[in-house]
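Here's the letter readout for the chains.
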Amino acid sequence: MREGRARRVAVIGGGANDEHEVSLASAAAVTRAVEANGMDAVALTIDRSGRWHHGDGGPLPSAEAVALVASCDVAFPVLHGVNGEDGAAAGLLTMIGVPFVGSPVRAGAIGMDKWVTKLVAQAVRVRTTPGVLVRSAADASSMDAVPPFVVKPTSGGSSNGVTVVRHPGELAAAIELACGSGDTALVESFVTGREVDIALFRDRAGVLRAGAALEIGVADGGVFDREQKYDGTASFTVPARLCPDEHAGVESAARALYDALGCAGVARFDFFVTQTGVVLNEVNTTPGFTEQSQVPLMYAATGLGYEGLIRELIEAAEPAA
């Protein structure tokens, strides 16, 4: 951080969605790092009903919450999922004129919609998992593709509502479950490959900086599900065991998507590395952000620790002097 300029940072966590608890953990970690960097952290939480709170206090009227955010130099929203990551937080902060860490409305909204993300990826020649958009379990009767499939909500994250379908008779129930977590669902072909993620952020100098690629240990025929993500059993290899061509393919695809979506701040890009090349799984414009989350681990492997990463992201969000 540049000397001589006090920093007051609004850290916003929680959210009215099924990723509330994950967001609280991210916000707590970011708050600790903001304070460790010598900045003043203003902790704000949105509860499951959508009410604002200041720190551990009671409900805060929306007008007072907005005024408190507006009193800060920079905002650092870590609102995962709908009503936050989907562009909602970015829209609010843009309207009240507070610089913020993270992607603008367009990138957040597109990145949250897995179907639209596929269309953008295909337009910039990034391979995607073959799939179809469905709106109800009734759509299962018209599908003639052969399992296995992965069925998941079009929006949301943390692997909520995701099912691996191995037999045709399981498809309708899987679609119903996924649609229960969002208005529509994706039925995608099961891709056999290694799950490899990479993160990017554009720093204050305009340089797009990549973290080390990270490989997720997943059992054959399985998926990286919600339980593995949050029960401490996830197995990460950083850097991922990639040959030069595989690494180049992953990073090149991520860079193309970061620019095509119009991302800012840090975004994580999830891929399958298969025998025939790199295939996009999905994009996260507000990824998990505890000290042990994937993105901080990726940058730590390049020598940029958690507190330094938070500082870099805040400095990149500051308006030019």
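Residues numbered from 1 in each chain as written. Predicted model: local features only at pLDDT ≥ 70, side-chain atom pairs only at ≥ 80, totals over all residues. Heavy atoms only, no water.

Trainee: Just to check I follow, could you spell out the sheet that holds strand E8 (residues 163–165) for this structure?
Mentor: The strands making up a sheet associate through hydrogen bonds between their backbones, and the pairing can be parallel or antiparallel. With antiparallel pairing, four strands are arranged side by side in an open sheet as E6-E9-E7-E8. The sheet is open, and its two borders are formed by strand E6 (131–134) and E8, each paired with just one other strand. Neighbour-to-neighbour, the strand axes of this sheet turn through a mean angle of 25°, independent of strand direction. Where strand E7 (residues 149–153) lies against E8, three bridges are found, and the strand directions are antiparallel. Note on E8: the bridge partner recorded for Val151 is Thr163. Relative to the sheet, helix H6 (residues 171–179) contacts E6, E7, E8 and strand E9 (185–189), its axis offset from that of E7 by approximately 25°. (Pairing = 2+ DSSP bridges. Helix = DSSP H or I, 4+ residues; strand = E, 2+ residues; numbered from the N terminus. Axes fitted to C-alpha atoms, helices over the stretch in contact; angles between N-to-C directions. Contact = heavy atoms within 4.5 Å.)

Trainee: Help me understand the sheet that holds strand E1 (residues 8–14) in this model?
Mentor: Reading across the sheet, the five strands line up as E4-E3-E2-E1-E5 and stay open at both edges, with mixed pairing between neighbours. Each having just a single partner strand, strand E4 (59–60) and strand E5 (74–77) make up the two edges of the open sheet. In this structure, strand E3 (residues 52–54) lies alongside E4, joined through two bridges in antiparallel fashion. When the sheet's bridge partners are listed, Trp52 is paired in E4 with Leu60.

Trainee: Quick question: what am I supposed to make of the packing of helix H1 (residues 20–36) against helix H10 (residues 306–317) here?
Mentor: The packing of two helices is summarised by the inter-axis angle and the distance between the axes. Where H1 contacts H10, the two axes come as close as 9 Å, and the packing angle between them is 85°. With respect to their mutual orientation, H1 and H10 come out roughly perpendicular. Note on element contacts: H10 touches H1 through Tyr306, Glu307, Ile310 and Ile314, opposite Ser26, Ala29, Val30, Ala33, Val34 and Ala36. Looking at side-chain class alone, the contact of H1 with H10 contains eight nonpolar, one polar and one charged residues. (Parallel < 35°, antiparallel > 145°, perpendicular 65-115°, else oblique. Nonpolar A, V, L, I, M, F, W, Y, C, P; charged D, E, K, R; others polar.)

Trainee: Where do I start with the packing of aromatic side chains in this structure?
Mentor: Here the distance between the centres and the angle between the planes together describe a pair of aromatic rings. Applying the stated criterion across every chain yields a total of four aromatic pairs. A ring pair is formed by Phe76 and Phe289, whose centres lie 6.2 Å apart and whose planes are at 65°; its orientation type is edge-to-face. One end of the pair, Phe76, is in strand E5; the other, Phe289, is in the loop between strand E15 (277–284) and helix H9 (294–300), and 213 residues separate them in sequence. Taken together, a centroid distance of 6.4 Å and an interplanar angle of 55° make the contact between Tyr258 and Phe269 tilted. Taken together, the residues span a long stretch of sequence, with Tyr258 in helix H8 (residues 244–261) and Phe269 in strand E14 (residues 266–274) at a distance of eleven residues. Among the residues examined, Phe269 registers a relative accessible area of 0% and is labelled buried. The structure contains a cluster of three or more aromatic residues connected by ring pairs, namely Phe76, Phe289 and Tyr306. (Phe/Tyr/Trp six-rings, centres within 6.5 Å; stacked < 30°, edge-to-face > 60°. Buried < 20%, exposed > 50% of the residue type's maximum accessible area, 1.4 Å probe, protein only.)

Trainee: Looking at this structure, how should I read the pattern of salt bridges?
Mentor: Where charged atoms from two side chains of opposite charge come close, those side chains can pair. Overall, the coordinates contain 19 salt bridges when judged by the stated rule. One salt bridge connects Arg7 with Asp73, and the closest N-O pair in it is separated by 3.4 Å. Taken together, the residues span a long stretch of sequence, with Arg7 in the segment before E1 and Asp73 in the loop between helix H2 (62–70) and E5 at a distance of 66 residues. A relative accessible area of 8% means that Arg7 is categorised as buried. When the shortest N-O distance is used, the salt bridge between Arg48 and Glu21 registers 3.2 Å. Of this pair, Arg48 sits in the loop between strand E2 (40–46) and E3 while Glu21 sits in helix H1, and the two are 27 residues apart along the sequence. Owing to a relative accessible area of 49%, Arg48 belongs among the partly exposed residues under this scheme. (Salt bridge = Lys/Arg side-chain N within 4 Å of Asp/Glu carboxyl O.)

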